[in-house]
Amino acid sequence: MSEQGLVLEFSLQGSNFESAGEASSKIKRVLQQIGVRSDIIRRVAIGSYEAEMNVIIHAYRGVIKASVYSDRTEIVIDDEGPGIADIQLAMQEGYSTAPDYIREMGFGAGMGLPNMARCSDEFDLQSTVGAGTKIRMIFHHN
């Protein structure tokens, strides 16, 4: 694989629970096919799934982009949505702004952002209230 890397990009639609998990499953499959270690794949799959679900639960629409290099996988999620007013609060385990109907579906437990940060080697979250959120996760392969 060249330093240019392999790029996978998926459009996500807010409230589209029928397609929930498709993008992260495809990313996982590609990583398996190219021989990335299973422990790395597991962390990428968890981080990308949590990010994908956050877009579906909270945003109007978004894009998840996976760039795979020989030494790392980078996941960037860019969404158009309400944004996050208090990032420090949102990063606390169990804090959630998900409405009751989302919780009744089994989502919105407030573990998404903390799980993304825990699974990735590098984690960056930028958010603008009323515009959206951008998350960048890097997973080193070694």
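Worth saying up front: this structure is predicted, and the values here are computed from it rather than measured. (Residues numbered from 1 in each chain as written. Predicted model: local features only at pLDDT ≥ 70, side-chain atom pairs only at ≥ 80, totals over all residues. Heavy atoms only, no water.)

1. Observations regarding the overall build of the chain
Okay, step 1: Scanning the chain from terminus to terminus reveals five helices and five strands.
Okay, step 2: The C-alpha radius of gyration computed for the chain amounts to 14 Å, which stays within 12% of the reference 14 Å derived for 142 residues, consistent with globular compactness.
Okay, step 3: The principal-axis extents of the C-alpha atoms in the chain amount to approximately 45 × 30 × 25 Å.
Okay, step 4: Across the 142 residues of the chain, 43% fall into the buried class. (Helix = DSSP H or I, 4+ residues; strand = E, 2+ residues; numbered from the N terminus. Rg over C-alpha atoms; globule rule 2.2 N^0.38 Å. Buried < 20%, exposed > 50% of the residue type's maximum accessible area, 1.4 Å probe, protein only.)

2. As for the environment of Val30
Okay, step 1: Position of Val30 among the secondary structure elements: in helix H1 (residues 22–33).
Okay, step 2: Residue classification places Val30 among the buried residues on the basis of a relative accessible area of 17%.
Okay, step 3: The sequence separation of Val30 and Val68 amounts to 38 residues, and the corresponding C-alpha distance is 9.4 Å.
Okay, step 4: With residues near it in sequence (within four places) discarded, Val30 still touches Leu6 and Leu8. (Contact = heavy atoms within 4.5 Å.)

3. Comments concerning the packing of aromatic side chains
Okay, step 1: Per the counting criterion, the structure on display carries one aromatic pair.
Okay, step 2: Between Phe17 and Phe107, the aromatic rings sit 5.8 Å apart at their centres with planes inclined by 20°, giving stacked as the arrangement. Of this pair, Phe17 sits in the loop between strand E1 (6–13) and H1 while Phe107 sits in the loop between helix H4 (100–104) and helix H5 (112–119); the two residues are 90 residues apart in sequence, bridging distant segments of the chain.
Okay, step 3: Overall, the relative accessible area of 22% leaves Phe17 in the partly exposed class.
Okay, step 4: Above the ring of Tyr69, the side-chain terminus of Arg72 is found at 4.0 Å from the ring centroid. (Phe/Tyr/Trp six-rings, centres within 6.5 Å; stacked < 30°, edge-to-face > 60°. Lys NZ or Arg CZ within 6 Å of the ring centre and 35° of its normal.)

4. A short note on the packing of helix H2 (residues 38–58) against H5
Okay, step 1: Where H2 meets H5, the closest approach of the two axes is 9 Å, and the angle between their N-to-C directions is 150°. As the angle between them shows, H2 and H5 are arranged roughly antiparallel. Between H2 and H5 lies a crossing whose hand is left-handed. Between H2 and H5, the residues in contact are Arg43, Ile46, Gly47, Glu50, Ala51 and Asn54 and Gly112, Leu113, Asn115, Met116 and Cys119, respectively.
Okay, step 2: Looking at the contact of H2 with H5, its residues break down into five nonpolar, four polar and two charged. (Axes fitted to C-alpha atoms, helices over the stretch in contact; angles between N-to-C directions. Parallel < 35°, antiparallel > 145°, perpendicular 65-115°, else oblique. Left-handed = near helix turned anticlockwise from the far one by under 90°. Nonpolar A, V, L, I, M, F, W, Y, C, P; charged D, E, K, R; others polar.)

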